[in-house]
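Residue strings, one per chain:
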Amino acid sequence: MADARLFGERDEFEAKISTWAQRLLAPYIEGLKQRAKDALPPDRHGKEFNDAIWGTIVLRPLEVVVLDSPLLQRLRRIRQLGVVHLVYPSAEHTRFEHSIGAVAQIARIVSALNERGQDHPVIDEGWTNLLRLTALCHDVGHGVMSHVSEKALTENFAEVETIEFEFADAVNEAEKPRLSEIAAYYIIGSPTFAELVDLAQTVTHDHTLPQKPTTLMQRAVVGATIRDDIPLLQETISGPFDADKLDYMTRDAHMTGVPIVTDINRLVRKVRAITLPAERLPEEVGRAVEAGHAYYVLTGISLSGGRTLDELMIGRALLYDKLYRHQKVRAAEVMVAAIFQQLAPHAPDGPAMVAYALDDADLFDLDDGALARLGINDPAALGPALEIARDLASRLRDRRLFVRAYAFAQNMPLDPYRSEVQHWRGLEQLRRAARSSSERGQLIDRIATELGIVLAGLGMDALIDELPGNDVRPFLWIDPPHAPEQGSDIPRAYLIGDDGEWIRFRDDYAETLGWSTAYPLTRDLGFLFTTPELAPYAFIATEKVLRHDFQVKTPKSMLPYARRTDGEVRPLKHVLAAGGYYDSSAYDLRPLPERLRRADVGKRLRDIVDALRGYEGPVREGHAGKQASLINEDRAMNWLRQFESDELTDAALQVLANVRMVGRRSIASTLRNFLQHHEDLHGGALCPLGEPKDSSAILTYYSEDVAPEFGLVVQSLREALTTDKPVILVDDFIGSGRQSISLFEHLLGVERTVELNEVREQALPENLQEALRTRSVAVVFAAGTTEGAQRLQVRLAELGVNAEVHVGLLELPTVRDERIFASPRQQAAFLERCAYVGKQLLINEEVGHSAKWAEDKGLGYGDSGYLVIFPYNTPTQTLTALWAGGDVDGVPWEPLFPRRPKR
Amino acid sequence: MATRMTADDFFTGLLAALAYKGRKVISIRGDRFDAILADVFNDLKEHAPEHDLDLRFRIKPHFIHGDSVTVRDAIAAATLADLISLDNPEYQDVRFKIGRDDAEFFLNTLPAGKQLYLDLADRFLERYEDPDSVRNAA
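One structure accompanies this document, and this report is about it. This structure is a prediction, so every number in the text was calculated from the model and none was measured.

Attention now moves to the nonpolar core. All names here are of chain A. Counting 183 residues, the largest nonpolar core has Val 66, Met 335, Val 336, Ile 339, Val 354, Leu 451 and Ala 538 as the members making the most contacts within it. In terms of residue count, helix H15 (residues 327-343) provides more of this core than any other element does, 11 residues in total. Counting residues domain by domain, this core receives three or more from each of domain 1 (4-335) and domain 2 (402-482 + 524-591). In this view, Val 354 contacts Leu 153, Phe 340, Leu 343, Ala 344, Ala 347 and Leu 374; residues no more than four positions away in its chain are not counted. Ala 636, Leu 675, Val 730 and Ile 869 belong to the second-largest nonpolar core, a separate cluster that totals 81 residues.

Spelled out as C-alpha cells, the structure:
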C-alpha cells in the first residue's frame, strides 16, 4: 500500500478540486434531481451547433445535459490558447467549442474504425456514446488561460509541481501529467460527477453507456486501457491521432490564420482497425491487457496513411513555433505568471486552486469580486502584491505587454565567442539556471539589483518609483529556450497494412520525431522580458550579470533579437562608464572606445582578419565542431578595446596589422631554399624536432610537401637513426634556443643545462645517440632569432653533433620596430602598457612564476615582443598580451591568439 | 534541506558522465534506451533519501508503448543545449558533443556531486552493454 505521507500535495489537491466541482455543480444537480422527480418527457433531439471549423455538430440529449452544467459552461470563459489572442486577434476561441469539436472528431474516428477494414462494427453504440462523452469532458480540468496558468503554476510553485510528481507516482499511466489532466481525472472521478452523469442518463432515459461510465472516462483521460479487447481504444481520446489533437490543431490554425499542412480529413479516412488473435497482437499491447478474448481489435492508421502522421508532426512543429513560442505570446504569458506570483501565496486554497477560482476575464481585471472568488476577502491586506498584480493585469488588458530586453541561446547566430570554452559552458549553466525555478529567482534578484544600480547611475531612479511596490523585480522575467515538450505521442501509432500486418510508425518512420523537433529546436531563444520603459537599462544590467556570473558574452548579433540597438545602448553605457560603472568589468561590456568607432576601423579589421585567415588556434576537446577559427572581427575588436585610450587603441590596431602568420607555404619555402643549397642532405630523413605532442609534428607534415623534390622520407628520429641517412630535423620557431637545447640534451642523455619541466619520452638508446653524433644533421626552423640559432649551434657542437642550424624567417615583426607606430611616444606608451599587462598575466606563484620571473617577459619570453603566430599555436616569444589571458588589476584580459598550455 | 535534482540536472549529469568515460555514441532506437533510463532512475529514487535528494522529475516509460516522455523531452533539451546531436538520417544515434574537460566541468557544478553521476553512468552502461538487460516493468 502506498505511503499516504508520500501523496500529501496530491491528496490535498484531489480533495480541493473535488470540493470545488461539487460546489460548482450542486445547484445544477439539484435541478436535475427535481427534473428526474418531475419525470418530464425527455428531450429526444439533442442540439445542433454551428461550428466555424466542422459545420454542424449534433450533440445527443445526454451530452446536452452535461454540457449545460456549470462545469462545462465555465469553459466558455477559458480561451483555448490563453493569451495568444493578444497577438493573433482572432484566437478568441474557447475550450467550450473545442470540447464540442472534439466530440465531432471522436464520432468521425469511431465511424472510420467501424467502417474500414472490418466485417462488423467494433465499437457499439454504448461505447461510442462513452467516447463522445469523454471527448466532451476531457478538458474540464483546465483552469484560467488554459496551459498558461498550469505552466505558470508548475514552474513557479514547488507544491504544484509536487502534485504532478505525486500523481505520477500514484497513477500507473501517468509520467509527466499536466495539472489540467490531473484535475480532469479527479473531477471526472468524483462522486459529484458520477451523480451528474447518472442523473443525465435518468432525465434523458439514455442508458446506453457501459457500466461505471465515469470510471472508464477517468481512465481514458489519463490514457489507461478501458477495454481489454480493444486495447488502444482510449487513444482515441488521448493518443497519436486523438480527437483532441484533430480538433485543436485544425481549430487553432484556422482561428489564428496560421497555415499548416495537416490534412485532417485524409487522416481520418486512413484510420483503421484490424481484428487479431492474441498471439498476433504487438507484444507490448498484449502485455497490457487481460487474456481470454477470442479476438482483439488493434487500432491505427493504414500503412498508406503514414504520411498523414508526418503531416501531423509538421503541423505540430509549425504551431509550436509560430503560435505557442511567438515572443509576444511568451511575453504575455510571463505577465500572467507574474500575476500568479503576487496573488497565489495569498490564496487560502493554495496556488493550484488559483487556476480554478478565476476565469480569463478575472485575470484582466482583478477586481474585488475576482479576489473574493480567490478567497481573498481583505484585498488591502495584500499590500504591494495587489497593486503589482493589478498593474500587471491592466497592462495585459490594455495590451501594454512586456518586451524583450535580452536574448540568449546555447547556439546564437554568428556568435564570435562560440569557440570559447568559458562562454559555451556559461551558456549551458545559464540555460539550466533559467529552467530551475529557484535558480531563476536568484538570477532575477541579481539582475534586479544590478538594474537598480544602472538606473541610479543614469539618474533614472524615478522609473522604479513609478512602479507599484517601488520594486523592479516583479517586472523582470526570464523565459528560457525550450525544446517542444511532451515528446509527441504521434510516433506511437500503429500502421496497419491491407494484409492485416502491422508495424509501429516509429519503426517505419524513425526519423520523423527527429526532424520535426529539429525545426523548432534550432529557432528557440531565451529572453529576459520587462516593461518597455525598463528594457534598455535591463539589457545593460543583464549583460553585466551574465558576464560576471556565467562568463557569457553578448554577441552583437543578438541585439536585434532583444530589440535593442547599439544607438540606444551605447550612450547609456558611456554615461555609466564615466561614473565608474564598468571599472572592474570585462572590456567587452564597456562602451566601444571612440577610436574604434571611426569609419576606417571596419575595413582595417577585415583586412587583418583576412591576412590571418587560416589561424585556428588550439581546439579544445569536444569543441572541434564549433567555430573553426578564433580570429574574427568581433574578437579582434574585443582585444583592441582592452587598450581603452584612443592612442593605445590606435597603436594596438597598427600592431595587429603587422602580425605575421607563418603558415604552410612559409615552411615549405624555407625547407626548399635550404635544401637547394645542401645536396648532401638529399635523400635524407625528415624528422620532427620533438615528440608527437609538439608542434614540430605539424611542421613535419607540412614539410612533406617538398619531400619528393629532394628524395626525402618522413620518419621519426629513432627510425631515421637506424639507417645511414642524413637527418633533417624541423620545427616552427627558435627563440632563445633553450627549448631546442633542452631537447637535444634530453635525447643524448646528458645533464641538462636548461630545465623546462616538460614531460618527455625517454632518452635515445646509446647506439642511436652514437648514430646522431656520426652523421650529417640539419635543424631547420621556419622562423626565429639569430641568437637562438647560434646558441643551439654552439651547444650541438659541444654535444658532438655535427649539425647545421638554419632559420627561414629571421626578420620577424616586433613591437620594438618603431616603424609600426605613429610616433616614438606612442610606441613607448604601448610598450609600457603591454609590459605591465604581460607581467600581470604571467605571474602565477603556484607554478613558480613570481613577479621577478615575469619581469622580463612582459613583452614575450626574451622580451622581444615578436608579432608572429602559427596557424595552430603562438610562440611564447610573441607579445604576451596577444596570447596570455587572465586578470589585470582584477579585470579579465582576453587574448586574441591563446596558447595551448604545455604539459 | 534536500538537494533538488531536476530532469535537466539528471540528464546533463548522466550525459556528462558518459562523455567523461569516453563514450561517443549511444543508440536511442526503440524503447530500450528509455527502459534502461527508467531502471537507473528507479535505482536513484530508491536511494534518494541516502543522498538527501529531492527528485523533481519521473521517468516512467509508457505502459504499452515503452517510450518515456521525460526521456524524449530531455533528449530534445540536451540537443538544444548543444550537449549532444542526433545523427542523420534517422536521428536514432545520440552523439556526444562534449569532451572530457567539459564533462568534468559539468559534473563538478551539478547538484549532488560528480561521483553520483559517474555511478549513474556505470549503472546505465551495465545495462546498455548487456544485450539481455531486462526491460523495466511499468
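Residue and element names in this part refer to chain A. Here we have five strands laid out as an open sheet, ordered S12-S11-S13-S14-S15, and parallel in their pairing. Bordering the open sheet on either side are strand S12 (713-714) and strand S15 (803-809), each of which pairs with just one other strand. Here strand S11 (residues 685-688) runs beside S12; their pairing, made up of two bridges, is parallel. Across the sheet, Leu 686 pairs through a bridge with Val 714, a residue of S12.

Turning our attention to the interface of chain B and chain A. Chain B puts 38 residues into the contact, and the matching count from chain A is 39 residues. Residue assignment for the side of chain B that touches chain A shows that the elements contributing at least two residues are helix H1 (7-20), helix H4 (69-80) and helix H5 (100-109) of chain B. If you tally residues by element for the side of chain B that touches chain A, the top one is H4 of chain B, at eight residues. Considering only residue class, the side of chain B that touches chain A consists of 13 nonpolar, 10 polar and 15 charged.

Moving on, we get to the environment of Gly 375 of chain A. All names here are of chain A. Tracing the backbone shows Gly 375 in the loop between helix H18 (368-373) and helix H19 (384-397). Overall, the presence of 14 C-beta atoms within 10 Å leaves Gly 375 in the partly exposed class. C-alpha separation for the pair Gly 375 and Gln 826, spaced 451 residues apart in sequence, amounts to 73 Å. Not counting the four nearest positions on each side in its chain, Gly 375 is found in contact with Ala 347, Pro 348, Asp 349 and Ala 357.

Each value, and the rule that gives it
Residues numbered from 1 in each chain as written. Chains lettered and ligands numbered in written order. Predicted model: local features only at pLDDT ≥ 70, side-chain atom pairs only at ≥ 80, totals over all residues. Core = buried A, V, L, I, M, F, W, Y, C linked by C-beta atoms within 7 Å. Buried ≥ 20, exposed ≤ 12 C-beta atoms within 10 Å, placed from the backbone. Helix = DSSP H or I, 4+ residues; strand = E, 2+ residues; numbered from the N terminus. Domains from an automatic or database assignment. Contact = placed C-beta atoms within 7 Å. Pairing = 2+ DSSP bridges. Nonpolar A, V, L, I, M, F, W, Y, C, P; charged D, E, K, R; others polar.

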